[in-house]
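What follows is each chain in one-letter form.
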Amino acid sequence: MMGMQDIRAWAVAASVALSVGAAPSFCFAADAADPAQLKTGQQVYEHICQACHMADGKGGTGAGTIPALASDPHLAVAAYPATVVMNGKGAMPWFNGVLSPAQVADVVNYVRTHFGNHYTDALTPQVVGSMAGPLKVDDH
Amino acid sequence: MPANASGPTRRDLLLRIGLTAGTAAMYQAMTALGHAEESQFRGTPELGRARRGDSVVVLGAGLAGLAAAYELDKAGYRVQLLEYQDRAGGRNWTLRGGDTYTELGGATQKVGFAAGNYFNPGPWRIPHHHRAILHYCKQFGVQLEPFIQFNNNAYVHSTNAFGGRPQRYRDGASDFIGNISELLGKSVNQNNLDQVLTKEDRERLLVALREWGMLDASYSYRKGLHVSTRRGYERPPGGGPDGAPIASDLLPFSDVLDPCVWNTMKFFMTYEMQPTMFQPVGGMDMIGKAFARHVGRLITFNRKVTAIAQDDSGVTVSHADRVSGAAGQTRADWCVCAMPLTVLAQIPVQVSPKMQAGIRAVPYSSHAKIGMEFRRRFWEEDEAIYGGISFTSQEIALISYPNDRMHSSGPAVLLGGFPLNLAGLDFAAMTPEQRLETALKQGEVIHPQYRREFMNGTSVAWSRVPWMLGCRARWSEADRKAYYQDLVALDGRIVLAGDHASYLGGWQEGALLSSMDAVKRLHKRAQEA
């Protein structure tokens, strides 16, 4: 069980929260979280990718597996993670139209240079943009 | 009723049918006459008898799997149901004091709620037109009570309007309707609509706007006792010398135009969200438990399915025992696979390439829920909010107040947040402690009592639920067109079931309608085989 001390300490430590601030208000229509606030690849990772791939990039296994990104040979060619982030794969949703190509490039570059990955060739937003499949919209 | 020269009215006819053939027949007749088409439910499948010895393996003991097992067992099939967890129900799930929940990543929460308090991390409300689940609730004696969806006295809150202060729904909605009515009235009176409306309809519209919008004789929406009969008072009516009411101030129209007002109004108008709604007394899992009372003997728990194969004579399901690690196989003539696509997409399934593509095409959403226990019902005691939902532009999206045991003393649990989509991912990325702190921080903007009264809380971020890896299937229009029919097709001896195989994603009704349709088609093919 957590104590009030712990959670207060965290509140002080949290530097970026996806609270709305000056962002437009959606109020239940879509997302209260505004992805435009995520300025770096690390911020995109920590507020989105980390939800499933975990803070250490190691994923997890239950009835199925959330793939690890740590020390991941699948990241050798930057185009692969870029197309997965843009268009989704299996349970993972698409982020085309949610994150900008620049944000996708930033987060792919971040993951490819952290968590035991050492791929230094940087992906550009232009390349990411070229990987976008048709823009998808939820059907209700 | 006047003597009817043109034969019986529809009402007469329906009453006669109802009296002679019972309500089920009347419902069917109503449907045929174009009324009451609020559900595709047409009663549970009348499968008749299975051929002697025919067997079915059902995968996944969520509502779709449980209902399939129940109906097929009733028809005489030999049914085996394999489940990954050590409990039945799937997302039909309730957490209570003493329960322990470990999410992917390893964080474990021990639920600290007082006896009798609970939190539904998954489904939490049942619309009145979800007739399949209502049917099973009635059949199994699951006691229902009203889920108070709509409450005029709950709040709308936006960080960007009203100085960030929450407003009662009724104030925002009244002022929205009043101002819009005034503006439209002006438009009519300035002859702007002469081209699109007849003179008679313009006059009728003006009357409607004046009455519906609470406008005065000059078609203005103004502060006054008349308007206060809708939006409430500065000083409400009382008795004695000071009994006279005082009208309340209107909200600034610029703030009233904030999406938090009209989006909340829109939400309550959504077909799936309209009252009357229900919840099972004591927790949503009463439904899963009721199914389990009937089919629990058929369930093997702690089985992780690793492959599904089929040949001309049957289906072979390979699995691993989560406790001993031992590999095993289950063979049956047929298979109803009610596993989530998140998991199914990761194992070999011997179905057509088209169906496999569908299984792998559909991603899942990432919603999260936070149950929070407080020392007292301050929302009732201090703010006269009895059930219902307050909406906010913040990530928590809403606060939903308990619908049961109103006016009781002692600790109570409310739903302290339902972060959706990206907000759901953001919450999932947090530790359980961080989620609670965020929910407190955002919730206290609406209820200043939060910190003082908070006791404990539990969060479930669905993308980290080990047996789901997501909340609900997200169908895009393009994917629906490309994959849906192949996904729901009966493929040899295997058929999928679940809310993902329906047009009611994320609803228990979708799981049940899908399941009933699947077993009907499976049974038909089994009879023909």
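Residues numbered from 1 in each chain as written. Chains lettered and ligands numbered in written order. Predicted model: local features only at pLDDT ≥ 70, side-chain atom pairs only at ≥ 80, totals over all residues. Heavy atoms only, no water.

Right, let's talk about the pattern of salt bridges for a bit. Residues and elements named next belong to chain B. For the structure shown, the criterion picks out 32 salt bridges over all chains. For arginine 96, the salt bridge is made with aspartate 285, and the minimal N-O distance between the two is 2.7 Å. Taken together, the positions of arginine 96 in strand E3 (residues 95-96) and aspartate 285 in helix H10 (residues 285-295) put the pair 189 residues apart, joining distant regions of the chain. For the salt bridge of aspartate 404 with arginine 405, the shortest nitrogen-to-oxygen distance reads 3.0 Å. (Salt bridge = Lys/Arg side-chain N within 4 Å of Asp/Glu carboxyl O. Helix = DSSP H or I, 4+ residues; strand = E, 2+ residues; numbered from the N terminus.)

Time to look at the nonpolar core. By size, the foremost hydrophobic cluster in this structure holds 120 residues, and its most contacted members are Leu59(B), Phe291(B), Ile308(B), Val336(B) and Leu344(B). Not counting the four nearest positions on each side in its chain, Val336(B) is found in contact with Val56(B), Val57(B), Val58(B), Leu59(B), Ala68(B), Leu72(B), Val495(B), Ala497(B), Val519(B) and Leu522(B). Counting 57 residues, the second largest nonpolar core, distinct from the first, contains Cys52(A), Leu99(A), Met430(B) and Ala461(B). (Core = buried A, V, L, I, M, F, W, Y, C linked by side-chain atoms within 4.5 Å. Buried < 20%, exposed > 50% of the residue type's maximum accessible area, 1.4 Å probe, protein only. Contact = heavy atoms within 4.5 Å.)

With respect to the secondary-structure elements, Ser220(B) resides in the loop between helix H6 (199-212) and helix H7 (225-231). Note on Ser220(B): relative accessible area 14%, which makes it buried.

On to the side chain of His53(A), then. Note that His53(A) resides in helix H2 (residues 41-53). Those residues in contact with His53(A) that sit more than four places away from it in its chain are Tyr45(A), Lys58(A), Gly59(A), Ile66(A), Pro67(A), Leu69(A) and Met92(A).

Our next topic: helix H4 (residues 101-112) of chain A. Residue and element names in this part refer to chain A. Under the 1.5 Å per step criterion, the end-to-end length of H4 is 16 Å for 12 residues, consistent within 8% with the ideal 16 Å. Taking burial as the measure, the 12 residues of H4 include nine buried ones, the bulk of the element. If you check which residues of H4 are buried, you get Gln103, Val104, Ala105, Val107, Val108, Asn109, Tyr110, Val111 and Arg112. Close packing links the buried residues of H4 with H2, helix H3 (79-87) and helix H5 (125-130). (Expected span 1.5 Å × (residues − 1).)

In this structure, the amide linkage connecting Pro275(B) to the following residue, Thr276(B), adopts the cis form with an omega of 5 degrees. Among the structural elements, Thr276(B) can be located in the loop between helix H9 (259-269) and strand E13 (277-280). Phi is positive for Ser71(A), which is not a glycine, with a value near 45 degrees. Residue position: Ser71(A) is located in the loop between strand E2 (65-66) and H3. Not every positive phi belongs to a glycine, and Asn302(B) is a case in point at roughly 60 degrees. Turning to its location among the elements, Asn302(B) is positioned in the loop between strand E14 (299-300) and strand E15 (303-311).

All right, on to empty space enclosed by the protein then. Residue and element names in this part refer to chain B. Under the definition given, this model contains three cavities of 30 Å³ or more. Size it by volume and the largest cavity reaches roughly 260 Å³. Surrounding the largest cavity, 19 residues form its lining, Tyr118, Asn120, Pro402, Val413 and Leu415 being those nearest its centre. When contributions to the lining of the largest cavity are tallied by element, the ones reaching two or more residues are strand E6 (118-119) and strand E22 (412-417). With four residues, E22 is the single largest residue contributor to the lining of the largest cavity. (1 Å grid on protein atoms, 1.4 Å probe; cavity = no way out; pocket = protein on both sides within 12 Å on 5 of 7 lines; lining within 4 Å. Points joined across faces, edges and corners; volume = space filled by probe spheres on them.)

With numbering aligned to this structure, UniProt lists the feature "domain: Amine oxidase" (unreviewed entry) at residues 63-522 of chain B. End-to-end, the C-alpha atoms of residues 63-522 of chain B are 18 Å apart, and along that stretch the chain is 35% helix and 21% strand. (UniProt positions renumbered as here; feature names shortened; annotations may be inferred.)

So, about the packing of aromatic side chains. Here the distance between the centres and the angle between the planes together describe a pair of aromatic rings. All names here are of chain B. This model, assessed by the stated rule, comprises 30 aromatic pairs over all chains. On the basis of an interplanar angle of 80 degrees and a centroid distance of 6.2 Å, the ring pair of phenylalanine 374 and tryptophan 379 is categorised as edge-to-face. Of the two residues, phenylalanine 374 and tryptophan 379, both sit in the buried class. Among the aromatic side chains, those forming a connected cluster through ring pairs are Phe374, Phe378, Trp379, Tyr401, Tyr450 and Phe454. Its end group placed over the ring of tyrosine 484, arginine 480 keeps NZ or CZ at 5.0 Å from the ring centre. Over the aromatic face of tryptophan 334 sits the side chain of arginine 493, whose NZ or CZ is 4.5 Å from the ring centroid. (Phe/Tyr/Trp six-rings, centres within 6.5 Å; stacked < 30°, edge-to-face > 60°. Lys NZ or Arg CZ within 6 Å of the ring centre and 35° of its normal.)

Bringing the sheet that holds strand E8 (residues 144-147) of chain B into the picture now. Residue and element names in this part refer to chain B. Spatially, the three strands line up as an open sheet ordered E7-E13-E8, and their pairing is antiparallel. Of all the strands in the sheet, the pair left with one neighbour each is strand E7 (126-127) and E8. Sheet topology note: the E7/E13 ladder contains two bridges and is antiparallel. Considered in E13, the bridge of proline 127 is made with methionine 277. (Pairing = 2+ DSSP bridges.)

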